[in-house]
Amino acid sequence: MSTTTSTAQLTVETVPGFLADRPHLAGPVDPAAIVTVREVGDGNLNLVFVVTDAHGSSVVIKQSLPHVRVDPSWPMTRERTRREAFVLAAHERIDPAHVPALYGFDEEAIVLSIEDLSDHAVWRSELNAGRLHPYAAAELGRYVGATAFATSVFGTPGPARRRLVAAAANPELGEITEDLVFTEPYVDHVHNGWLPANDEDVRELRADRDFVHEIALAKLRFQEDTQSLIHGDLHTGSVFVRADEEGAAGSVRAFDSEFGMYGPTGFDLGAVWANLVLAAARAHAQGRSADAELLLALPVELVDAFDQEFSSRWPTRVDPRVFDDAVLTATLERVHTDAAIYAAAKTVRRIVGFSKVADIQTLPEPERARAVRWALRVARRLGTERLVTSDVRTLVAGTTEIPFA
């Protein structure tokens, strides 16, 4: 007899019975020998538990809530966990080194079971503590390059790909992205907020019609484009890192892909880029200029690694008849310019709009105001300079010229 109902919200107390009823979700854990269950979720949308058995094996159990955790009046589709399972399964087949292992998904309970990566650290937390893990940028570039090629028209035959695009549709969370990233920061909205010291900076941002026009076009591409199966929320808080003993790349894993869907490849690269800008803003505010310079340069490594991974797969494209090397060049250039505008959009969202980041919010107010001012200027530079050049080195060099004041 089942000890939990399929629709029940899990708790620390009910997880053991839940796994006993559903051993397909237990992964390496022995459901009969569970000794600890810890709730570790601190995000807005989900319950997350780490389950450990008497043999030391562990698994992560993730259940979606029917509302935003910090605002129960904001309903949220629970289908997002099913979509996360779809994206994670697809990405794991392509590049298992850069995502957690997927052990199972329970359709009835809408619960995901994945690899426990407690021996890793969240990249944002590490960055905020001054531990940069710079190798992670290139690793994420390889991840995006691999998954982007394999799920694009170059990596998947047309009929199969069209079915996958339909299966990965994520209308509710896609609309949230459209609103939070591309719309709300540029209008009066209850989700927005900033220090009085930044009033003029936000006025200047919204008055920059060239920039806002580029944001509008980026929103349009996000709504219309099905270039590849993207993670959809690839910020530094959705990346685990673990250095090896010498401080080089040990492991980098992207998680929380519930915003995933088919969309513009540059969106994922831009999300990483934006968060490196925010980390650099924090470093500048704390007087760590060398760290800030290193962080600002990492998008070059990110995009270079993407280009190399994507290009290495080019000879295997499914239809080489008209897709010659000139098409590869044009595709990469388009991804570069898209990444820059999406980096700009994601930077602005995290500063002006909803769901701000600890990188900025934990700074004392005077330093926070300066960090916000600088980051908004970087975003505006990226958003418009990309019209002049698609060269990421040139775009990055332009951001390093903006004084922190």
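Values in this document were obtained by computation on a predicted structure and should not be read as measured data.

Caption draft 1: Here's a closer look at the pattern of salt bridges. All chains considered together, the criterion is met by 28 salt bridges. Here Lys62 and Asp256 are joined by a salt bridge, their closest N and O atoms 2.5 Å apart. Pair noted here: Lys62 is in strand β3 (residues 58-64) and Asp256 is in the loop between β11 (249-254) and β12 (261-263), with a separation of 194 residues, a long-range link. Of the charged contacts in the structure, one is a salt bridge between Asp208 and Arg380, with a shortest N-O distance of 3.0 Å. Linking Asp208 in the loop between α7 (199-207) and α8 (209-224) with Arg380 in helix α13 (residues 365-385), this pair joins segments that are 172 residues apart in sequence. The network of salt bridges with shared partners includes Lys62, Arg80, Glu84, Asp256 and Glu258.

Caption draft 2: Spotlight on the nonpolar core. Within the largest apolar cluster, 92 residues are counted, with the highest numbers of intra-cluster contacts made by Trp123, Phe182, Trp273, Leu295, Phe310 and Trp374. Sort the elements by how many residues they give to this core and helix α9 (residues 266-285) lands first, with 14 residues. Among residues more than four places away in sequence, those in contact with Trp273 are Pro299, Leu302, Ala339, Ala340, Ala343, Leu382, Val392, Leu395 and Val396. In this structure, Leu25, Val29, Val37 and Phe49 belong to the second largest nonpolar core, which totals 16 residues.

Caption draft 3: Examining the side chain of Asp95 more closely. Note on placement: Asp95 falls in the loop between α2 (79-94) and β6 (102-106). With no salt bridge to any partner, buried Asp95 finds its closest opposite charge in Arg313, at an N-O distance of 6.1 Å. Polar side-chain contacts of Asp95 include one of 2.7 Å to the side chain of His98. Residues contacting Asp95, with those up to four places away along its chain left out, are Arg142, Tyr143 and Ala146.

Caption draft 4: Focus on the environment of Phe18. In this fold, Phe18 is placed in helix α1 (residues 15-21). According to the relative accessible area criterion, Phe18 is buried, its value standing at 2%. Once the C-alpha coordinates of Phe18 and Asp119 are considered, the two residues, 101 residues apart in sequence, prove to be 25 Å apart.

Caption draft 5: Here's a closer look at helix α6 (residues 171-182). In this model, α6 (twelve residues) spans 16 Å end to end at C-alpha, consistent with the 16 Å of a helix rising 1.5 Å per residue. Taken residue by residue, α6 has Leu173, Gly174, Ile176, Thr177, Glu178, Leu180, Val181 and Phe182 as its buried positions. Tucked inside the fold, the buried residues of α6 contact α2, α8, β12, α9 and α11 (325-352).

Caption draft 6: Geometry of the side chain of Asp106. Within the secondary structure layout, Asp106 lies in strand β6. Among the polar contacts listed, one links the side chain of Asp106 to the side chain of His24, at a separation of 3.4 Å. Discounting chain neighbours no more than four positions away, the residues touching Asp106 are Arg22, His24, Leu25 and Val111.

Caption draft 7: A look at the environment of Trp314. Mapped onto the secondary structure, Trp314 falls in the loop between α10 (289-313) and α11. With 275 residues separating them in the primary sequence, Trp314 and Glu39 have C-alpha atoms 43 Å apart. Once you skip the residues sitting within four places of it in the chain, Trp314 turns out to touch Phe149, Phe154, Phe323, Asp324, Asp325, Val327 and Leu328.

Caption draft 8: View of α7. Among all positions of α7, only Asp201, Val202, Leu205 and Arg206 are buried. Summarising the axial view, the buried residues of α7 lie within an arc of 130 degrees, below the 170-degree limit, and thus occupy one face. Where α7 is buried, its residues touch α8, α11 and α13.

Caption draft 9: Spotlight on the sheet that holds strand β1 (residues 34-39). Read across the open sheet, the five strands follow the order β1-β2-β3-β7-β6; overall the sheet is antiparallel. At either margin of the open sheet sits one strand with a lone partner, and together these are β1 and β6. Strand after strand, the sheet turns through a mean of 20 degrees between neighbouring axes, direction not considered. Pairing between β6 and strand β7 (residues 111-114): four bridges, direction antiparallel. Counted as the bridge partner of Asp106 is Val111 from β7. The strands touched by α2 within the sheet are β2 (46-53), β3, β6 and β7, with β6 carrying the most contacts at an inclination of about 150 degrees.

Caption draft 10: Quick look at the packing of α8 against α11. Where α8 contacts α11, the two axes come as close as 10 Å, and the packing angle between them is 105 degrees. As the angle between them shows, α8 and α11 are arranged roughly perpendicular. The residues of α11 that touch α8, namely those facing Phe211, Glu214, Ile215, Ala218, Arg221 and Phe222, are Asp338, Ile341, Tyr342, Ala344, Ala345 and Val348. Split by residue class, the contact of α8 with α11 holds nine nonpolar, no polar and three charged.

Conventions used here
- By convention here, each chain's residues receive numbers from 1 onward along its written sequence.
- The predicted origin of the model limits local features to residues at a pLDDT of at least 70 and limits the giving and counting of side-chain atom pairs to 80 or more, whereas totals for whole chains, interfaces and linings rest on all residues.
- For the side-chain quantities, the full set of heavy atoms in the structure was used; hydrogens and water were omitted.
- Between Lys or Arg on one side and Asp or Glu on the other, a salt bridge is scored when a side-chain nitrogen of the former is within 4 Å of a carboxyl oxygen of the latter.
- The numbering of helices and of strands both runs from the N terminus, where a helix is a DSSP run of H or I of at least 4 residues and a strand a run of E of at least 2.
- For this analysis, a nonpolar core means a set of buried residues of the types Ala, Val, Leu, Ile, Met, Phe, Trp, Tyr and Cys, connected via side-chain atoms within 4.5 Å.
- Each residue gets one of three labels from its accessible area relative to the maximum for its type: buried under 20%, exposed over 50%, partly exposed in between, using a 1.4 Å probe on protein chains only.
- Throughout, a contact is declared for two residues whenever any of their heavy atoms are within 4.5 Å.
- Residues counted as positive are Lys and Arg, residues counted as negative are Asp and Glu, and His and the chain ends are not counted.
- Pairing of N or O atoms within 3.5 Å defines a polar contact, subject to two protein rules: one partner must be a possible hydrogen donor and the other a possible acceptor, and residues neighboring in sequence count only if both atoms are side-chain atoms.
- A helix is expected to reach a length of 1.5 Å times the quantity of its residues less one.
- This arc is built from the directions going out from the helix axis to the C-beta atoms.
- Note on pairing: DSSP must find at least two bridges between two strands before they are called paired.
- A fitted line through C-alpha atoms serves as each axis, taken over the contacting stretch for helices, and the angle formed by two N-to-C directions is quoted from 0 to 180°.
- Put simply, angles under 35 degrees are roughly parallel, angles over 145 are roughly antiparallel, angles from 65 to 115 are roughly perpendicular, and the rest are oblique.
- Here the nonpolar group is Ala, Val, Leu, Ile, Met, Phe, Trp, Tyr, Cys and Pro; Asp, Glu, Lys and Arg are the charged ones; every other residue, Gly included, is treated as polar.

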